[in-house]
Amino acid sequence: MAPAKIGRRGTVYSATRIHQAAAGFFVPFDAGYVDIEGGLRVFAHLGGSLAPGATVALEIGTIKTDKEGSARSGPIYRTAPGAKNST
Amino acid sequence: MIGAGHVGLSNMIEGKAAILGVGMTPFGKHEDRTVEDLARAAVVAALADAGLGRDDVQAVFAAHLYQGEVLGQRVLRGLGFPEIPVLNLENACAGGSSAVRAGWLAIAAGQYDRVLVIGAEKMGRGLINFVNPDLEQAMGITAPAQYALAARRHMHEFGTPVEGFAEIAVKSRYHAGRNPNAWFRDPVTRDEVLASRPIAEPLTLLQCCRNGSGAAALVLASEKWTRAHGRGGPWVRTSALASWMSDGTQKDLTDFGATRRAAIEAYEATGIGPDAVDAVELHDAFTCGELLHYEGLQLCAKGEGARLALDGTTRLGGRVPVNVSGGLLAKSHPLGATGVAQFCELTWQLRGTATGRQVEDARVALAHSQGGVSLEAGATCVTLLTRD
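About the cut-offs
- Residues numbered from 1 in each chain as written.
- Chains lettered and ligands numbered in written order.
- Predicted model: local features only at pLDDT ≥ 70, side-chain atom pairs only at ≥ 80, totals over all residues.
- Heavy atoms only, no water.
- Helix = DSSP H or I, 4+ residues; strand = E, 2+ residues; numbered from the N terminus.
- Buried < 20%, exposed > 50% of the residue type's maximum accessible area, 1.4 Å probe, protein only.
- Polar contact = N/O pair within 3.5 Å; in protein donor to acceptor, adjacent residues only side chain to side chain.
- Contact = heavy atoms within 4.5 Å.
- Pairing = 2+ DSSP bridges.
- Core = buried A, V, L, I, M, F, W, Y, C linked by side-chain atoms within 4.5 Å.
- Axes fitted to C-alpha atoms, helices over the stretch in contact; angles between N-to-C directions.
- Parallel < 35°, antiparallel > 145°, perpendicular 65-115°, else oblique.
- Nonpolar A, V, L, I, M, F, W, Y, C, P; charged D, E, K, R; others polar.

### Thoughts on the side chain of Thr386 of chain B
Residue and element names in this part refer to chain B. Looking at the element boundaries, Thr386 is found in strand E11 (residues 377–386). Overall, the relative accessible area of 6% leaves Thr386 in the buried class. There is a polar contact of 3.2 Å between the side chain of Thr386 and the side chain of Arg237. Not counting the four nearest positions on each side in its chain, Thr386 is found in contact with Pro234, Trp235, Arg237, Ile272, Leu350, Arg363 and Val364.

Right, dumping it as structure tokens:
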């Protein structure tokens, strides 16, 4: 294995709204698999209800709090600038 | 890397083992009983059903996920078993069926004439807490979310309606109403299923199996010993085990788990095709899973799963009834016990003794179970059984 660069943009492969999750997550939240430029399919939080095929771009934001109540950051894919995504 | 990719057919073996006896506890909360107590009840029932005693058993295969060290020995100690070999086995939610497979294989390979298989689990409440959470779980994925994402992709690619998923929950309760071993036996309507609390959209509460505790056991015997003692089947004919291990490729969520590969191995090993299967117990941890497994087991073409649910094909009286026991959805899901309990139901079906829910003239049955940690790693087991 070797490090590889990935793009910031991707396409939503599938999406759900999670209503029941592990402690620390703010339910409900949107999440799904995103196909990233370069071939990876990753699970990540989504910024809002997005349908498969939506064009998204990577942001970093708070996705949960840890056991001490501190905010923890992670990838959140939101509608890409200029993209017109149906929900 | 040697053996990279899907070599396939590596475990394609056919060999008969008779199911001489089965036993299970009903699944439920069982808050006042220990896992050992539950397992002992199943073992005693299976031995009585087989007409055998503890001294007749040559080896034991015991499946569980969260019950600690040497569960099998702890169970058998309290029943006064002799000090025979015991293998404790974990394969996530496919552990029970993997233990049946291990028992069958030991017999098919000629190692033993009579073995005992046990599956048992005492469960807590809520979402399953994985011992080794992976990256996706750290990011917030859950087991129902995994299936929900598969459901959404299937809807996107094939136009599958949510009613197709909901009908599976309706069918499960319809079957469970005829099975005294099931836990959730009241009928529900499609509207009630869809209106129940959302868990991971589009999956609602009534489309998710509940945690439950319980145990199941069965006694397997070699064909030679069985015939010599004037006994018969039903028979385990083959059992195929497949895995998935994330390798960075893009997984097709509409082909969930390794169901298709395990099924192909089982069909090819026996020459029994999906059209010949009369009754199926499959891993319906979530309604969406059942629908995808219709396709993976090739009960229909890819994309057609909803039709099987909606036109009654998989309901009792249909062409290939699925989860006539009520499945995980109506029985609950005591992880290690689940796969073994499927064999209890299919044994009763092939004997023709599933009173109130008998699949007419059932001759061929299929058991399927699947477990793992999200898309990162998992196991699927498909076993074919015949009456004769």
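### Here we look at the pairing of strand E1 (residues 17–24) of chain B
Residue and element names in this part refer to chain B. Counting buried residues in E1 gives 8 out of 8 residues, a clear majority hidden from the surface. Here 7 bridges tie E1 to strand E7 (residues 214–222), and the two strands are oriented antiparallel to one another. Paired with Ala18 across the strands is Ala221, a residue of E7. The sheet contact formed by E1 and strand E8 (residues 235–245) spans 2 bridges and is antiparallel. From the neighbouring strand, Ala17 faces E8, where its bridge partner is Val236.

### Details of the nonpolar core
Residues and elements named next belong to chain B. By size, the foremost hydrophobic cluster in this structure holds 59 residues, and its most contacted members are Val280, Tyr294 and Leu297. Among the elements that take part in this core, helix H5 (residues 143–158) stands out by supplying 6 residues, more than any other. Residues within four places of Leu297 in sequence aside, it is in contact with Thr259, Ala263, Tyr267, Pro274, Val280, Leu282, Leu366, His368 and Val382. Listed in part, the 39 residues of the second largest apolar core include Ala63, Val100, Leu220 and Phe343.

### Considerations on the pairing of E8 of chain B
All names here are of chain B. For E8, the buried fraction is high: 8 of the 11 residues fall into the buried class. Here E8 runs beside E11; their pairing, made up of 10 bridges, is antiparallel. Bridged to Ser243 within E11 is Ala379.

### Observations regarding the packing of helix H6 (residues 162–176) of chain B against helix H10 (residues 287–296) of chain B
All names here are of chain B. For the pair H6 and H10, the least separation of the axes is 8 Å and the interaxial angle reads 105°. Taken together, the axes of H6 and H10 are roughly perpendicular relative to one another. The residues of H10 that touch H6, namely those facing Gly164, Phe165, Ile168, Ala169 and Lys171, are Thr287, Cys288, Glu290, Leu291 and Tyr294. Here the residues of the contact of H6 with H10 sort into 6 nonpolar, 2 polar and 2 charged.

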